[in-house]
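Analysis of the macromolecular model
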Amino acid sequence: MSEQRRPLVSHIFTADPSAHVFNGKLYIYPSHDIPHDGEDNDDGDEYRMEDYHILSMDNPDAPCVDHGCALHMKDIPWVSKQMWAPDAAEKDGKYYLYFPARDKDGIFRLGVAVSDDPAGPFTPEKDYIPGSYSIDPAVLMDDDGRGYVYYGGLWGGQLEMWQSGSFDPDAHRPEGSEPALGPMFAELDPDMKHFKTEPKHLQILDENGSPLTAGDEDRRYFEGPWMHKFNGKYYLSYSTGTTHYLVYAEGDKPDGPFTYKGRIMEPVLGWTTHHSIVEYQGKWYLFYHDCELSNGINHRRNVKFTELTIHEDGTIDTIRPYEA
Ligand code: FUB
């Protein structure tokens, strides 16, 4: 029986699902939420994750399997806490897990870990990716074999603090009619463990070609980037954070610029929205999370998925998560 729009697993809390098809199966790389009774705040201190469990399904109708702990922070020398939203990529039969976490100075960085098996266990590099910062890495392996990483998140994700090129905890947050910050972009080195190019901010434009503004909270980037390709075009999707939408923008190149197109999903139960989009045997699926299992506790989330309708011109039908 299909598990669509139901929690994929209920024995642990999971969030931020990055789904991929590897070896004909669906693999899901989620965050692993830890239940506690502490308060929420704008820095996201309530998200205290310490490890990753990889999930898989033989197909969208099959049961979901938890492969157990694939990487724990105690085994990563540079990490102090908060193993947030991960993603994975495959190259030449090896699997690379990309993840954000705070370093020993409390600064979010991106790490990478390697395995021969998409379900892990993963062996981490001893240090974070040089030049990396902020959160929510998502990797696109393009048709020509190049890898690109998209990342960054506002507020607790610290993206605003890097506008000068170095870490400034007191940096001004763009607001009102100031241009919004886009997600970061870098090409991966062929070794998959370094950036080949200097990271840069991506531009998201409105229908008139003007950059989205920071005050345009229904459309501007907040966190959780994802990239899918459709009919040769590049689709950047992301969470609008404060307004709780999943939205998308279209571009001709992996590094944009991108033009805002519309909404993928209306708000779910819980503050955060974070998703991935994957094609499996000719059908498209949206993986996402809400807080159904905890009845709305923001840091006790559960991953779900649903079928997504993508039209020939690349437009995506908006999903209302609690309507049939
Ligand atoms: O899971 C922790 C953070 O919450 C993620 O990094 C964000 O995308 C949001 O889902």
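Shown above is the structure to which this text applies.
An account of the accompanying structure is given in this report. Not measured: the values here are computed from a predicted model.

Rules and cut-offs
Residues numbered from 1 in each chain as written. Predicted model: local features only at pLDDT ≥ 70, side-chain atom pairs only at ≥ 80, totals over all residues. Heavy atoms only, no water. Near = heavy atom within 4 Å. Polar contact = N/O pair within 3.5 Å; in protein donor to acceptor, adjacent residues only side chain to side chain. 1 Å grid on protein atoms, 1.4 Å probe; cavity = no way out; pocket = protein on both sides within 12 Å on 5 of 7 lines; lining within 4 Å. Sits in = over half its atoms within 2 Å of the grid points. Nonpolar A, V, L, I, M, F, W, Y, C, P; charged D, E, K, R; others polar. Buried < 20%, exposed > 50% of the residue type's maximum accessible area, 1.4 Å probe, protein only. Helix = DSSP H or I, 4+ residues; strand = E, 2+ residues; numbered from the N terminus. Pairing = 2+ DSSP bridges. Points joined across faces, edges and corners; volume = space filled by probe spheres on them. Core = buried A, V, L, I, M, F, W, Y, C linked by side-chain atoms within 4.5 Å. Contact = heavy atoms within 4.5 Å. Salt bridge = Lys/Arg side-chain N within 4 Å of Asp/Glu carboxyl O.

The subject of this paragraph is the site of the ligand. Taken together, Asp16, Met49, Trp84, Ala85, Ile135, Asp136, Glu223, Thr272, His274, His289 and Arg301 make up the full set of residues adjacent to the ligand. A distance of 2.6 Å separates an oxygen atom of the ligand from a polar atom in the side chain of histidine 274. Interatomic distance of 2.7 Å between a side-chain N/O atom of arginine 301 and an oxygen atom of the ligand. Spatially, the ligand is embedded in the second largest pocket. Its residues placed into classes, the shell around the ligand shows four nonpolar, three polar and four charged.

The next thing to look at is the pairing of strand β1 (residues 13-22). The side chains of a regular strand alternate between the sheet's two faces. Burial of β1 is extensive: nine of the ten residues sit out of reach of the surface. Two elements, β1 and strand β2 (residues 25-33), share eight bridges in a ladder whose sense is antiparallel. From the neighbouring strand, serine 18 faces β2, where its bridge partner is tyrosine 29. The loop that links β1 with its antiparallel partner β2 comprises two residues; one of these, asparagine 23, has a positive phi angle of about 50°.

Moving on: the layout of surface pockets. One number sums up the size of the largest pocket: a volume of about 470 Å³. What lines the largest pocket is a set of 20 residues, and nearest its centre among them are His20, Leu140, Met141, Met227 and Val278. The set of elements that each furnish at least two residues to the lining of the largest pocket consists of β1, β6 (87-91), β10 (138-141), β15 (223-230) and β19 (276-280). Of the residues in the lining of the largest pocket, the class split is 13 nonpolar, two polar and five charged. Its volume calculated, the second largest pocket comes out at about 340 Å³. Residue lining of the second largest pocket: 27 residues in total, with Gly44, Tyr47, Glu223, Trp271 and Thr272 positioned closest to the centre.

Within the largest apolar cluster, 40 residues are counted, with the highest numbers of intra-cluster contacts made by Tyr98, Tyr150, Phe195 and Tyr238. Those elements that place two or more of their residues in this core are β7 (94-103), β8 (108-115), β10, β11 (147-151), β12 (184-187), β16 (233-239), β17 (246-251) and β18 (258-265). Membership of the second largest hydrophobic core comes to 25 residues, among which are Tyr29, Ile54, Val79 and Tyr95.

Moving on: empty space enclosed by the protein. Tallied over the full model, the rule gives two cavities of 30 Å³ or more. Forming the walls of the largest cavity are Ser18, Ala85, Pro86, Asp136, Pro137, Ala138, Pro225, Trp226, His274 and His275. Of the residues in the lining of the largest cavity, the class split is six nonpolar, three polar and one charged. Put simply, the second largest cavity is a space of about 30 Å³. In terms of residue class, the lining of the second largest cavity is made up of four nonpolar, three polar and no charged.

Let us look at unusual backbone geometry. Look at the link from glycine 120 to proline 121: it is a cis peptide, with omega at 5°. The topology assignment puts proline 121 in the loop between β8 and β9 (123-124). Of note, the bond from glycine 256 into proline 257 is cis; its omega dihedral lies within 30 degrees of zero at 5°. Relative to the assigned elements, proline 257 resides in the loop between β17 and β18. A positive phi angle, near 65°, is found at arginine 5, a position not held by glycine. Along the chain, the position of arginine 5 falls in the segment before β1. The class of arginine 5 is partly exposed, set by a relative accessible area of 25%. With a phi close to 55°, aspartate 16 is a non-glycine residue in the positive phi region. For aspartate 16, the position within the fold is in strand β1. For aspartate 16, a relative accessible area of 6% translates into the label buried.

The next point concerns the environment of histidine 67. If you trace the backbone, histidine 67 turns up in strand β4 (residues 65-72). Separated by 54 residues in the primary sequence, histidine 67 and proline 121 have C-alpha atoms spaced 9.1 Å apart. The contact partners of histidine 67, leaving out residues within four places of it in the chain, are Tyr27, Ile54, Leu55, Ser56 and Ala119.

Turning our eyes to something else, we now look at the pattern of salt bridges. Scanning the model with the defined rule gives 24 salt bridges in all. Between aspartate 37 and arginine 300 there is a salt bridge, with its nearest N and O atoms 3.4 Å apart. Of this pair, aspartate 37 sits in the loop between β2 and β3 (51-57) while arginine 300 sits in the loop between β20 (283-290) and β21 (302-308); the two residues are 263 residues apart in sequence, bridging distant segments of the chain. By relative accessible area, aspartate 37 is classed as exposed at 76%. Across the salt bridge formed by lysine 229 and aspartate 142, the nearest N and O atoms sit 2.7 Å from each other. Taken together, the residues lysine 229 in strand β15 and aspartate 142 in the loop between β10 and β11 connect sequence positions 87 residues apart. Overall, lysine 229 belongs to the partly exposed group, its relative accessible area being 24%. For aspartate 142, a relative accessible area of 7% corresponds to the buried category. Sharing partners across several salt bridges, the network here consists of Asp144, Arg146, Glu187 and Lys196.

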